[in-house]
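This is what each chain is made of:
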Amino acid sequence: YYRDTLRGSLVQLDDETVTIDTWYAGQLTLKRSLVHALDIFAQAPTFYTGPNGPEGWVTSSGEASAHWAFKNRTMVTKNQQGIAREVEIPERAKITITAHWKNSPSFSILFLTDQGADRSPNSGYSLNLSQNRLNLYRFSDNPRSNLVFNETIESMREVEKTTITIYLDRTKEG
């Protein structure tokens, strides 16, 4: 007898069914008799929300405040220096980042690395947006990086803001 855990937002609960909305499979309707338990949270557990200030942020040159400013819960770059923050990420996570720019976007988001202040870490991932090109690289212990995907997004030429959501599943099944 096997039990599984499904995570999602509760949509509907009645005598016969339980309906949840998941990020991985959309809405799922389950027979209520097959549901063992529901753990309901007012808000999904979060591992980091911010930025809440410049504290804890670093750059490859050390002090983040020399290259970045904190305004209205936002980190704003003064130049092209990268910024990093150590965050403990669970095995399954959703990372959402909102980026603003003027003219043409050009930035990278490094994640699952312990070398966030390095543009080319020995391990981890780098999601890069440059003009209308979006690509994802996977870095490993060998000196080469592996291109996971490379896409053209023509609509990026017309906007100065985007929200990027990264879904992570580092479990054996994921």
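Reference entry: report on the structure contained in this document. This structure is a prediction, so every number in the text was calculated from the model and none was measured.

1. Some points on the pattern of salt bridges
1) Next: Taken as a whole and judged by the stated rule, the model has two salt bridges.
2) Next: Residue D169 pairs with R92 through a salt bridge whose shortest N-O separation is 3.3 Å. Pair noted here: D169 is in strand 13 (residues 161–169) and R92 is in strand 8 (residues 92–100), with a separation of 77 residues, a long-range link.
3) Next: On the basis of relative accessible area, R92 is assigned to the partly exposed category, the value being 42%.

2. Structural notes on unusual backbone geometry
1) Next: For the bond running from G50 to P51, omega is 10 degrees, close enough to zero to count as cis.
2) Next: Checked against the element boundaries, P51 lands in the loop between strand 3 (26–31) and strand 4 (58–59).
3) Next: Phi angles above zero are rare outside glycine, and L112 is one such case at about 55 degrees.
4) Next: Within the secondary structure, L112 sits in the loop between strand 9 (106–111) and strand 10 (124–130).
5) Next: Note on L112: relative accessible area 26%, which makes it partly exposed.
6) Next: Here Q131, not a glycine, exhibits a phi torsion of approximately 55 degrees, which is positive.
7) Next: Mapping Q131 onto the fold places it in the loop between strand 10 and strand 11 (133–139).

Cut-offs and rules
- Residues numbered from 1 in each chain as written.
- Predicted model: local features only at pLDDT ≥ 70, side-chain atom pairs only at ≥ 80, totals over all residues.
- Heavy atoms only, no water.
- Salt bridge = Lys/Arg side-chain N within 4 Å of Asp/Glu carboxyl O.
- Helix = DSSP H or I, 4+ residues; strand = E, 2+ residues; numbered from the N terminus.
- Buried < 20%, exposed > 50% of the residue type's maximum accessible area, 1.4 Å probe, protein only.

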